[in-house]
Amino acid sequence: MEKPQFPSESSSVDDVLAEVRARRGDDFDWRGGKTFSLVYHPDDEDLDRLQEAVAREYLHENALNPFAFPGLTAMEMEVIEWGSGLLNGPGHGRLSSGGTESIFLAVQTMRDHARAKRGIAEPVLVTANTAHPAFAKAAKYLDVEHVKVPVGADGRADVSAMAAAMDERTGMVVGSAPCYPYGVIDPIAELAGLAAAAGVLCHVDACLGGLLLPFWERIGEPVPPWDFRVDGVTSISADIHKYGWTFKGASLILYRSKDLLAEQFFLYDDWPGGLYGSATTAGTRPASPIASAWATIRHLGEPGYVALARTLRDTVNVFRDGVEAIDGLVITHRPDMSVFEFGSDPDVDDPVDIGAVGDVMDDRGWHLDRQQGGLHLMLWPFHARVAEEFLADLRHAVANAGESRGVAASYGGIAGAD
Ligand SMILES: *Cc1c(COP(=O)(O)O)cnc(C)c1O
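Residues numbered from 1 in each chain as written. Predicted model: local features only at pLDDT ≥ 70, side-chain atom pairs only at ≥ 80, totals over all residues. Heavy atoms only, no water.

**Student:** So what's going on with the overall build of the protein chain? Residues and values would help.
**Tutor:** The helix and strand inventory of the protein chain stands at 12 helices and 13 strands. A globule of 418 residues ought to have a C-alpha radius of gyration of about 22 Å, and the protein chain, at 23 Å, matches this closely. The principal-axis extent of the C-alpha atoms belonging to the protein chain is close to 65 × 65 × 50 Å. Burial statistics for the protein chain: of 418 residues in total, 52% are counted as buried. When contacts within the protein chain are restricted to residue pairs at least 6 apart in sequence, those whose partners lie at least 24 apart make up 73%. Positive and negative charge centroids in the protein chain, built from 35 and 61 side chains respectively, lie 4 Å apart. (Helix = DSSP H or I, 4+ residues; strand = E, 2+ residues; numbered from the N terminus. Rg over C-alpha atoms; globule rule 2.2 N^0.38 Å. Buried < 20%, exposed > 50% of the residue type's maximum accessible area, 1.4 Å probe, protein only. Contact = heavy atoms within 4.5 Å. Lys, Arg positive; Asp, Glu negative; His and termini not counted. Charge placed at Lys NZ, Arg CZ, Asp CG, Glu CD.)

Given below as structure tokens:
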């Protein structure tokens, strides 16, 4: 292919649009429910319409300056109050661009809090090895030491191993609600208890569960305590652009105290351009994700979220029971929510090659993320429509995995890509 050159000529709007659309031919078919990560599809056309209109409304505004577009700032503050209230918190937080940024901010706040308030120059981050890669990435970028502790057989953080990994330099203990690979919730109350006893911070990564677990609880599903009701939890990350059903670019970073939130702020006037301040990592901030987060929550309200949680719960049951009923497959860790891994049953005579199962599913147009221990499913309400087709194809894939392309299991592709 020729090296792309900066366009030497202009092109008409219609031509460019046609080109954009033509380029989508090989995209994963998420609208058809063929993917299980990257996009969260609530199956709600009204919501789609609302989000498209709101995005257009706020396409060009910039949320960097909170005084320039006061209506937008008010929406952001309301989303923070709503989200914090939902998680039984006191309302100290900000909206960030996504889970990774929220986690970066929590780690940076921890580091600077440990330095300023505890006199620890090089505080250490302690997480389970199922914690999202965003923690390792934050530790790398922010030059913070990161200790990873293997989880127990149930896939949850091992509390005594986490305790053993802590010392006088520990700055923060992390638990996930739930973790991405297995969809299980770490023992948050115990982890927060450890942290509180040691006088250190405790972050709960609820990027996945933050906007779903409160409604999971309301529809009667068992949810162990994980939010600000748990003493010792000092911060929570919760993505609105996942199970909060808005489009990309909206996550909550919430703190128990104003002082912790203040560690995150940046104010600067040592340049000729006047006073510059920002509350999150970004400078220029897109406005449409903020407006859409607000509009989505305003539109759905509690009844909308509860209804989506119900549909999702029923969908999870169909997929979970369906996968479990297939000889040769097992769900590796019983999920607490709507995300799980399934793999090859090691206890049968001729264990199925789960990588080959993934290949056959690929050939049938499905996109399952590959993990070290198997294949990963993250479900949305829309998946209710494709459950039977999926399970039929999965039965076919297990029966035919032996004759697939003969490619060795290729794990670790884009696992955890979002
Ligand atoms: C998605 C996810 C993140 C990271 O969020 P991004 O929005 O992809 O940056 C962090 N933790 C968990 C558990 C996640 O599922």
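From this point on, the discussion continues.
**Student:** Tell me what's going on with the sheet that holds strand β4 (residues 170-176), and back it up with residues and numbers.
**Tutor:** As summarised here, the arrangement of the 7 strands in space is β1-β7-β6-β5-β4-β2-β3, forming an open sheet in which the pairing is mixed. Looking at which strands have only one partner, the edges of the open sheet turn out to be β1 (92-96) and β3 (145-149). On average, adjacent strands in this sheet sit at an angle of 20 degrees to one another, irrespective of strand direction. Note that β1 and strand β7 (residues 251-255) share 5 bridges and pair antiparallel. From the neighbouring strand, His92 faces β7, where its bridge partner is Tyr255. Along the sheet, helix α3 (residues 70-86) makes contact with β1 and β7, crossing β1 at roughly 120 degrees. (Pairing = 2+ DSSP bridges. Axes fitted to C-alpha atoms, helices over the stretch in contact; angles between N-to-C directions.)

**Student:** Requested: an account of the packing of aromatic side chains, with residues and values cited.
**Tutor:** Note on aromatic pairs: each is described by the distance of the centres and the angle between the planes. Enumeration according to the criterion identifies 11 aromatic pairs in this entry. On the numbers, 5.2 Å between centres and 40 degrees between planes, the contact of Phe319 with Phe390 is tilted. Taken together, the positions of Phe319 in helix α10 (residues 288-324) and Phe390 in helix α12 (residues 387-400) put the pair 71 residues apart, joining distant regions of the chain. Of the two residues, Phe319 and Phe390, both sit in the buried class. Taken together, a centroid distance of 5.2 Å and an interplanar angle of 90 degrees make the contact between Trp366 and Phe390 edge-to-face. Highlighted residues: Trp366 in the loop between α11 (354-363) and β12 (369-371) and Phe390 in helix α12, separated in sequence by 24 residues. (Phe/Tyr/Trp six-rings, centres within 6.5 Å; stacked < 30°, edge-to-face > 60°.)

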